[in-house]
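# Report on the structure
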Amino acid sequence: MNAFLSLVAVLAVMLAAYVGTGVLDAKFLFGTVLPYAAIATFLIGFIYRIVYWAKSPVPFRIPTTCGQQKSLEWIKSDRLDNPHDTIGVIGRMALEVLCFRSLFRDMKMERHEEATVVYGPGIWLWIGALAFHYSFLVVFVRHLRFFTEPVPYVAVLLQRVDGFFQVGVPPVMASNLFLLAALTFLFARRLWSPQLRYLSLASDYFPLFLLIGIAGTGVLLRHFVRTDIVNVKELAMGLVSFKPVIPKGIHWFFFVHLTLVATLLAYFPFSKLMHAGGVFLSPTRNLANNNRMVRHLNPWNAPVKVHTYEEYEDDFRDKMKAAGLPVEKE
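What this report covers is the structure whose coordinates are included nearby.

Definitions and limits used
Residues numbered from 1 in each chain as written. Predicted model: local features only at pLDDT ≥ 70, side-chain atom pairs only at ≥ 80, totals over all residues. Heavy atoms only, no water. Phe/Tyr/Trp six-rings, centres within 6.5 Å; stacked < 30°, edge-to-face > 60°. Helix = DSSP H or I, 4+ residues; strand = E, 2+ residues; numbered from the N terminus. Buried < 20%, exposed > 50% of the residue type's maximum accessible area, 1.4 Å probe, protein only. Polar contact = N/O pair within 3.5 Å; in protein donor to acceptor, adjacent residues only side chain to side chain. Contact = heavy atoms within 4.5 Å. Expected span 1.5 Å × (residues − 1). Core = buried A, V, L, I, M, F, W, Y, C linked by side-chain atoms within 4.5 Å. Salt bridge = Lys/Arg side-chain N within 4 Å of Asp/Glu carboxyl O.

### Description of the packing of aromatic side chains
Tallied over the full model, the rule gives 15 aromatic pairs. Among the aromatic residues, those joined into a ring-pair cluster are Tyr18, Trp252 and Phe253.

### Looking at the side chain of Asn289
By secondary structure assignment, the location of Asn289 is in the loop between helix 12 (275–278) and helix 13 (309–322). According to the relative accessible area criterion, Asn289 is buried, its value standing at 9%. Among the polar contacts listed, one links the side chain of Asn289 to the side chain of Asn291, at a separation of 3.0 Å. Not counting the four nearest positions on each side in its chain, Asn289 is found in contact with Pro63, Thr65, Gln69, Asn82, Pro83 and His84.

### Here we look at helix 3 (residues 86–99)
In this model helix 3 runs 19 Å from its N-terminal to its C-terminal C-alpha over 14 residues, within 8% of the 20 Å that 1.5 Å per residue would give. Those residues of helix 3 hidden inside the fold are in contact with helix 4 (101–104). Directly beyond the C-terminal end of helix 3, a positive phi value near 55° is found at Phe100.

### Describing the nonpolar core
One finds Phe132 and Leu183 to be the most contacted residues of the largest nonpolar core, which totals 24 residues. Within the residue set of this core, elements represented by two or more residues are helix 1 (2–23), helix 5 (123–142), helix 7 (174–192), helix 9 (202–223) and helix 11 (252–267). Here this core gets eight residues from one element, more than from any other, and that element is helix 9. Residues contacting Phe132, with those up to four places away along its chain left out, are Leu179, Ala182, Leu183, Leu186 and Leu211.

### As for the pattern of salt bridges
Applying the stated criterion across every chain yields a total of nine salt bridges. Here Arg285 makes a salt bridge to Glu96, at a shortest N to O gap of 3.9 Å. Taken together, the residues span a long stretch of sequence, with Arg285 in the loop between helix 12 and helix 13 and Glu96 in helix 3 at a distance of 189 residues. For the pair Arg285 and Glu96, one class covers both residues: buried. Residue Lys272 is joined to Asp204 by a salt bridge in which the shortest nitrogen-to-oxygen separation is 2.7 Å. Within this pair, whereas Lys272 is found in the loop between helix 11 and helix 12, its partner Asp204 is found in helix 9, the two being separated by 68 residues in sequence. Since its relative accessible area comes to 49%, Lys272 is described here as partly exposed. Taken together, the shared-partner salt bridges in this structure form one network comprising Arg190, Asp204 and Lys272.

Have a look at this one:
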């Protein structure tokens, strides 16, 4: 039901874009007002979440550790799994952000017919996540050619490398295929596993359907639904230069694609996709485990009036002795 409701929501967004641009011809609304509103929502929401997380007090070192902690010189410690200095933390965070190291080391539990529990690596999830994130990054960088003039060299280089297949005109981009394949795998994985299907919410399916819709409409626009690329770049350059213009000749299907992108941007700060920024502020990852080297005092400790045991015994010594309780002082 969660998957169905999420799919209906994405289809409703696409239908609204079609009716607004293909029937009512409200292209200025979907081509200018909606993108600006989505970008503003994304920036404000993203900054708010980051500032909110950054203000959360973390008085003690609480990193998640998997290896030997730094102690005596003759005991070998694990520099990445249990870092004790800034260099180790940077290495651990780099492997986490760039290679998804913790996901690679994830273990999958299976119960066999003979009632034995077997643990094994869940490497397919790591491969799917890695393929999705890097293919999405390549697609994002390639799209810089619509928003910049002159086009950055890295975008031109990625365009050439990505289309090395040279299948058809325009050439098929490898990143598009990997992106769609990875998204399909991540969605099928949620439906295939009974445990994961039981735990999945609408907030898990909705961004998946949004991303599939964005990638699918992008492929259709490139190979099947012909629209004027020059006019599309004119629209994009007008948005980034704050001189919005809606050129004629842009197919309504492009505005469906643009509306899905705007919806994803507006939804991003309030969803689980915010792990993209939150991973850098996670105290279980970005802190060095140097509790044996440095004494950490809680700076938020407020002065508290205490009642010591000696004072307690002075107040109730007679009653304690009458009840037969031992006392330290007679």
